[in-house]
Amino acid sequence: MKRRSGATSKSALLLIDVINHFEFPDGARLLRHALPIAGRIERVKARVRQTGMPVLYVNDNFGQWRSDSAELLRYCLNENCAGRDFVEKVKPDRKDYCVLKPMHSAFYQTPLDVLLRHLEVESLILAGIATNSCILCTAHDADMRDFQVTVLSDCCAARTTREHKQAIEHIGEMANARVITSSGLRPARGR
């Protein structure tokens, strides 16, 4: 007997590396480009939540193999954390799913694929950072797993505008992904 997940949408919003302290080389550069997307991510999350779409946070463990999602969130919301203003707008709530990843792709060595199959998800909407690294790798891996992929170009950021634009172009041409802006997203009501 197949267990039902209770999900009401065949799509999921993946927020990649948005729980971020930005305390690494080039972190300040990335944060400058990430801050403007925080409000858009916050609005997209609110819109998709109204349709019953699950929201999944897939985040780097930043080499902290003993940490967990809650500990990472607590650290990033600390008043001395460089990424606090960004994280405050995009933080998860109790309805969201959280997965930690060791490398760039949200799928690499994580339970994400199993969770998405459990939720009966067929299409993914990607947003987060960095466009030319974790978003790009995740888009390719999702395509290889036969998910339909949409990337919200104005809800992603990289260290530079050039890196972002090159990655978005590559994703659209090579990752079999639909690239749109958040204003073009039309999330469907649940099943």
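Everything that follows concerns the structure shown earlier in this document.
Residues numbered from 1 in each chain as written. Predicted model: local features only at pLDDT ≥ 70, side-chain atom pairs only at ≥ 80, totals over all residues. Heavy atoms only, no water.

Student: A description of the pairing of strand E6 (residues 177-180) should follow, citing residues and the corresponding values.
Tutor: In this structure, strand E5 (residues 148-157) lies alongside E6, joined through four bridges in parallel fashion. Residue pairing across strands places Val151 opposite Val179, the latter belonging to E6. Traced from E5 through helix H6 (residues 161-174) to E6, the parallel crossover comes out right-handed. (Pairing = 2+ DSSP bridges. Helix = DSSP H or I, 4+ residues; strand = E, 2+ residues; numbered from the N terminus. Right-handed = clockwise from strand over helix to strand, strands pointing away.)

Student: Break down the nonpolar core for me, citing the residues and quoting the values.
Tutor: Counting 32 residues, the largest nonpolar core has Leu13, Leu15, Val18, Ile19, Ile41, Phe86 and Ile129 as its most contacted members. Counting residues per element, the ones that place at least two in this core are strand E1 (11-16), helix H1 (27-49), strand E2 (55-60), helix H2 (69-76), helix H3 (84-90), strand E4 (123-129) and E5. Element by element, the count of residues in this core is highest for H1, at eight residues. Not counting residues up to four positions away in its chain, the partners in contact with Leu15 are Ile41, Val55, Leu56, Tyr57, Val58 and Ala127. Leu124, Ala142, Val151 and Ile168 belong to the second-largest nonpolar core, a separate cluster that totals 28 residues. (Core = buried A, V, L, I, M, F, W, Y, C linked by side-chain atoms within 4.5 Å. Buried < 20%, exposed > 50% of the residue type's maximum accessible area, 1.4 Å probe, protein only. Contact = heavy atoms within 4.5 Å.)

Student: Go over the environment of Ala28, please, and point to the residues and values.
Tutor: Note on placement: Ala28 falls in helix H1. Along the chain, Ala28 and Phe147 lie 119 residues apart, while their C-alpha atoms are 33 Å from each other.

Student: Tell me what's going on with empty space enclosed by the protein, and back it up with residues and numbers.
Tutor: One pass over the full model with this rule turns up one cavity of 30 Å³ or more. As a volume, the largest cavity reaches approximately 70 Å³. Those elements that provide at least two residues to the lining of the largest cavity are E2, H2 and strand E3 (97-101). For the lining of the largest cavity, a count of residues per class yields eight nonpolar, two polar and no charged. (1 Å grid on protein atoms, 1.4 Å probe; cavity = no way out; pocket = protein on both sides within 12 Å on 5 of 7 lines; lining within 4 Å. Points joined across faces, edges and corners; volume = space filled by probe spheres on them. Nonpolar A, V, L, I, M, F, W, Y, C, P; charged D, E, K, R; others polar.)

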